[in-house]
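As a plain string of letters, each chain reads:
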Amino acid sequence: MKRILLCLLMVLCPVWLQAQTLAPGDVVNIQLPGEEAFNQPFIISDSGQLLLPEVGAVSVAGMDEQQAQQQIRQRLAAVYRNLDEFSLSLLSSEIRVRVLGYVNQPGTVTLAADANIQMALTAAGGLKPGAQLDKLQLTRDGQSRPLNYKSYLDSGDLSLLPALESGDTVFVAASPQLGNVEIQFDAASLVEAGDAEQQSGLTLFGEFRNPGTFSFKPGMSVVDAVMRAGGVTRYADVTKIRVITNNQPTLFDLKAYLDSGKTEQLPPIQPGSIIFAPIEVEEISTTQRTVYIMGEVQAPGAYENSTGAGFMDVLANAGGPTRFADTTQIRVLRENGPALLVNLVHYSQNPARHPLPDLRPGDVIFVPEKIDFNEKSWLKVTNDRAIKIIGAVYNPGRFEWESSMSFLDVLAHAGGPNQEANLANIRILHQGSGDNNLTRFNLEAFINQGGDFATLPVLKAGDTIIVDELPKDPTDNKASWVRQSADDSIYVFGQVGAPGRYAFNRELGILDILAAADGPNGDANLRQLRISHRDGPTASVSKFDLALYFETGDESLLPTVVPGDVIYVPKLDADWLDKPADKVVRLMGEVTTPGRYTFSQEMSLLDLLAEAGGPTENAFIERIMIVNTSCCGDESQSFNLRDYVNDPADHPLPMLRPGDTVYVPNKEDSAPSQLRQGLRDVLSMVTLIVLGAAL
């Protein structure tokens, strides 16, 4: 008995002692005391190698444990000296399978040795919506075979799933119903879109709720296929369904079948059949009472106009205008006669004044689309319904015009004038020819006067509104002057801070325009301002004493200026021709600065002498000569300045007026000086005679 058992052990031991072959995915433990790098298990890679510290990759796939241990020992001996306690053991045997195709996480997965395809698909993140379950492929050693995964799901028979081995590849195909571009679907939409190929399924298209290609099942009828596609829509013509089987078309009347219930009326179908449900088309019918309505209404079409029905009845029968309809431009087109314009807005405001037309058989009611101002094209609005606004407004352009609109309505529709707009001179060009094509409107005066709407300009279709832009500061940009009309400008020259051309209206005054020009500078002659008036038939010049206005504050001294006038501020030391003789006093003789001086009624002879620097050392102040100019002739008088200084009460100052002349003589011109000079001359003559006689 013992011999029999010993023989059995000798036969079975080779089988038991046969070590398991290592494969990719296996987890092995390498024991090398004292080395922390070997404390963690190692996994055999897909290439059959172990990646070890210090020595790198070592190929062990296909070896048993003893062979792998010997292979690794030889590699480690080159680095480690003490390998007495080195050992290798297999911890767990796993397989590596690649899962590709229509799965959520394609790639290589690690599975247990007894895992099946369902576990592999789960490890790869599961199937994506649209995966074809009956067309999976299993590739092993370069050989592929089909796999019907759906049959397993339907029956639960594990025998339908082949065992997996390390290195296998499972490929999941996508449904043929999916397009070339991947899109996220849900299960419901995929089922509604079909679940089969055209060769093996039924293709339904047209007026079905869910057209697509669906799988064919034995015993299916046309009605079953229609229900599989969700049934027909309400637009389907169920009396003219087409069925094509084996390239043979058949006309199927679903309504007649439902009325009779005879199965003989059902055409045969098979895999690859095509079923088409056409849309129901209404036949065109015309009668003697037909009225047509089209355009922006809820239900355009042909309607029977019964006796007594009016325009509003037909419009209401068509569902009424849509929110895009232009109810102010409804047209009634007739075969004979001109088209009629219907304005429902006017009709709703005053039905008696704007009655609706009576309809005739054959009339066409056209409700146009409302104009979209975001569109750049202006062809939708003809010129007889448009008005143009250009210039300094926020939204210039071409706008639809209606006779009930006013000038302010159009201006507001364009966004209103901007900050650079010249409100005092808005121009309106009327379409047509003639001298009255231009109208000017002062919007600024209209606003300041309280807004008398009777003064608003009358507009009509085709007009063009031009809002000029005010010029900028001429010191900054002189080219911008062309934006300002010369008729609305005033010119400032001479000794001012910023001479130039300025916008001006009749509400402004001379102080406003001088302030706009930064005012007179330090060299300005404020008493000799000149203003050229150009608004009359002939040019005229007026003079203005700005200094006198500052001294008195009399507003009546301010001259009136209008657009087009020219203001000139002369210089103080300008040419004497700038000072007329009737405005100055001439001072000559022995004074520090003789010349022509501006003289006013508030000045005296002392003021004049002081302004000229006073008399010189050689001045004969006892006989200052004054020549007064008057209408009846010039008169001369003398004045003793020394007597005035000694006794002002008895010797008053002479009165001076503009135009007079003052002469301060030299001391040599006095009588004593002339007497002494005469004596010197006599003595000189006597001396000459005596000397001559002596000789």
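Scroll up to find the structure this text is about.
Residues numbered from 1 in each chain as written. Predicted model: local features only at pLDDT ≥ 70, side-chain atom pairs only at ≥ 80, totals over all residues. Heavy atoms only, no water.

Novice: Just to check I follow, could you spell out the overall build of the protein for this structure?
Specialist: Scanning the protein from terminus to terminus reveals 16 helices and 35 strands. A burial count over the protein gives 35% of its 695 residues as buried. Pairs at least 24 residues apart make up 52% of the contacts formed inside the protein by residues separated by at least 6 positions. Accessible surface for the protein amounts to roughly 41600 Å². Of this, 53% is attributable to carbon and sulfur atoms. (Helix = DSSP H or I, 4+ residues; strand = E, 2+ residues; numbered from the N terminus. Buried < 20%, exposed > 50% of the residue type's maximum accessible area, 1.4 Å probe, protein only. Contact = heavy atoms within 4.5 Å. Areas by Shrake-Rupley, 256 points an atom, 1.4 Å probe, with all protein chains shown as cover.)

Novice: How should the sheet that holds strand β8 (residues 136–140) be read in this particular structure?
Specialist: Sheet strands line up and pair through hydrogen bonds in the backbone, either parallel or antiparallel. What the 5 strands build is an open sheet, ordered β7-β6-β10-β8-β9; its pairing is mixed. Unpaired on one side and paired on the other, β7 (107–112) and β9 (143–147) mark the two borders of the sheet. Each strand of the sheet is rotated relative to its neighbour by a mean of 25°, with strand direction disregarded. For strand β6 (residues 94–101) and β7, the ladder comprises 6 bridges, and the chain directions are antiparallel. Bridge pairing in β7 links Glu-94 to Ala-112. (Pairing = 2+ DSSP bridges. Axes fitted to C-alpha atoms, helices over the stretch in contact; angles between N-to-C directions.)

Novice: What is the right way to look at the pairing of strand β16 (residues 290–295) in this model?
Specialist: For a regular strand, the rule is simple: side chains alternate between the two faces of the sheet. Pairing of β16 with strand β17 (residues 301–304) involves 4 bridges; the strand directions are antiparallel. When the bridges of β17 are listed, Thr-290 appears paired with Glu-304. Remark: 5 residues form the turn of the hairpin made by β16 and β17, two consecutive strands paired antiparallel. Pairing geometry for β16 and strand β20 (residues 364–367), over 4 bridges, is parallel. The residue bridging Tyr-292 from the neighbouring strand is Val-364, located in β20.

Novice: What exactly am I supposed to notice about the sheet that holds strand β1 (residues 27–31) here?
Specialist: Read across the open sheet, the 3 strands follow the order β2-β1-β5; overall the sheet is antiparallel. Both outer strands of the open sheet, β2 (42–43) and β5 (87–92), are each paired with one neighbouring strand and no more. As judged from the 2 bridges shared by β1 and β2, these two strands associate in the antiparallel manner. By the bridge assignment, Val-28 is partnered in β2 with Phe-42. Along the sheet, helix α2 (residues 65–76) makes contact with β1 and β5, crossing β5 at roughly 130°.

Novice: How should the nonpolar core be read in this particular structure?
Specialist: Looking at soluble globular proteins, one finds that nonpolar side chains tend to be buried together. Grouped together as the largest cluster of nonpolar side chains are 22 residues, with contacts concentrated most on Leu-111, Ile-117, Leu-121 and Leu-164. At the level of secondary structure, the elements contributing two or more residues to this core comprise β6, β7, α3 (117–123), β8, α4 (149–155) and β10 (169–172). In this structure, Leu-164 is in contact with Ile-95, Val-97, Leu-111, Ala-113, Ala-115, Asn-116, Ile-117, Ala-120, Leu-138, Arg-140 and Val-170, ignoring residues within four places of it in sequence. (Core = buried A, V, L, I, M, F, W, Y, C linked by side-chain atoms within 4.5 Å.)

Novice: Even after reading the chapter, I still don't get unusual backbone geometry, so can you show me in this structure?
Specialist: If a residue is not glycine, its phi is most likely negative; likewise, a peptide bond is most likely trans. Within the chain, Asp-141 stands out as a residue other than glycine whose phi angle is a positive 55°. In this fold, Asp-141 is placed in the loop between β8 and β9. Taking the relative accessible area as the measure of exposure, Asp-141 reaches 74% and is therefore exposed.

Novice: What is the right way to read the pattern of salt bridges from this model?
Specialist: Working definition: two side chains of opposite charge can pair if their charged atoms are close together. Applying the stated criterion across every chain yields a total of 9 salt bridges. With a shortest N-O distance of 3.0 Å, Lys-150 and Asp-154 are connected by a salt bridge. With Lys-150 and Asp-154 both in helix α4 and 4 residues apart, this pair spans about one turn of that helix. In this structure Asp-154 comes out as exposed when scored by relative accessible area, which is 57%. Across the salt bridge formed by Glu-551 and Arg-527, the nearest N and O atoms sit 2.6 Å from each other. Linking Glu-551 in helix α13 (residues 546–552) with Arg-527 in the loop between α12 (510–516) and β28 (529–533), this pair joins segments that are 24 residues apart in sequence. (Salt bridge = Lys/Arg side-chain N within 4 Å of Asp/Glu carboxyl O.)

Novice: Whenever I open this one, the pairing of strand β15 (residues 274–277) confuses me. Can you help?
Specialist: Only one face of β15 is buried: it carries Ile-275 and Ala-277, and the other face, with Ile-274 and Phe-276, is open. Bridge analysis of strand β11 (residues 201–206) against β15 gives 4 bridges, and the strand direction is parallel. Residue pairing across strands places Gly-206 opposite Ala-277, the latter belonging to β15. Sheet topology places strand β13 (residues 241–245) next to β15; 3 bridges connect them, and they run antiparallel. If you follow Arg-242 over to β15, its bridge partner there is Phe-276.

Novice: Hey, could you run me through the environment of Gln-329 in this one?
Specialist: With respect to the helices and strands, Gln-329 occurs in the loop between α8 (311–317) and β18 (330–333). According to the relative accessible area criterion, Gln-329 is buried, its value standing at 9%. Along the primary structure Gln-329 and Asn-343 are separated by 14 residues, whereas in three dimensions their C-alpha atoms are 5.9 Å apart. With near-sequence residues (within four places) excluded, Gln-329 lies in contact with Leu-341, Val-342, Phe-366, Pro-368, Arg-385 and Glu-400. Only 3.4 Å separates the side chain of Gln-329 from the side chain of Arg-331, close enough to count as a polar contact. (Polar contact = N/O pair within 3.5 Å; in protein donor to acceptor, adjacent residues only side chain to side chain.)

Novice: Looking at this structure, how should I read the packing of aromatic side chains?
Specialist: When we look at a pair of aromatic rings, we describe it by the centre distance and by the angle of the planes. All told, the structure shown has 9 aromatic pairs when counted by the stated rule. Residues Tyr-549 and Phe-550 carry aromatic rings whose centres are separated by 5.8 Å and whose planes lie at 55° to one another, so their mutual orientation is tilted. On the basis of relative accessible area, Phe-550 is assigned to the exposed category, the value being 53%. Three or more aromatic residues joined by ring pairs form one cluster here, namely Phe-407, Phe-441, Phe-446 and Phe-453. (Phe/Tyr/Trp six-rings, centres within 6.5 Å; stacked < 30°, edge-to-face > 60°.)

Novice: What's the story with the environment of Tyr-102 in this structure? I'm lost.
Specialist: Of note, Tyr-102 is situated in the loop between β6 and β7. With 25 residues separating them in the primary sequence, Tyr-102 and Leu-127 have C-alpha atoms 6.4 Å apart.

Novice: Help me understand a nonpolar patch on the surface in this model?
Specialist: Residues Tyr-235, Ile-279 and Val-281 make up a contiguous nonpolar surface patch of roughly 320 Å² in combined accessible area. Tracing the backbone through its elements, the reader meets Ile-279 in the loop between β15 and β16. With relative accessibility at 48%, the residue Ile-279 sits in the partly exposed group. (Patch = residues over 30% accessible without salt bridge, like charges linked within 9 Å, V, L, I, M, F, W, Y side chains within 5 Å.)

Novice: So what exactly am I meant to see when it comes to the side chain of Glu-402 here?
Specialist: Residue position: Glu-402 is located in the loop between β22 (397–400) and α10 (407–413). The exposure class assigned to Glu-402 is buried, which follows from its relative accessible area of 19%. In this structure the side chain of Glu-402 is engaged in a polar contact, spanning 2.3 Å, whose partner is the side chain of Ser-404. Once residues within four sequence positions are removed from consideration, Glu-402 is found in contact with Asn-343 and His-346.

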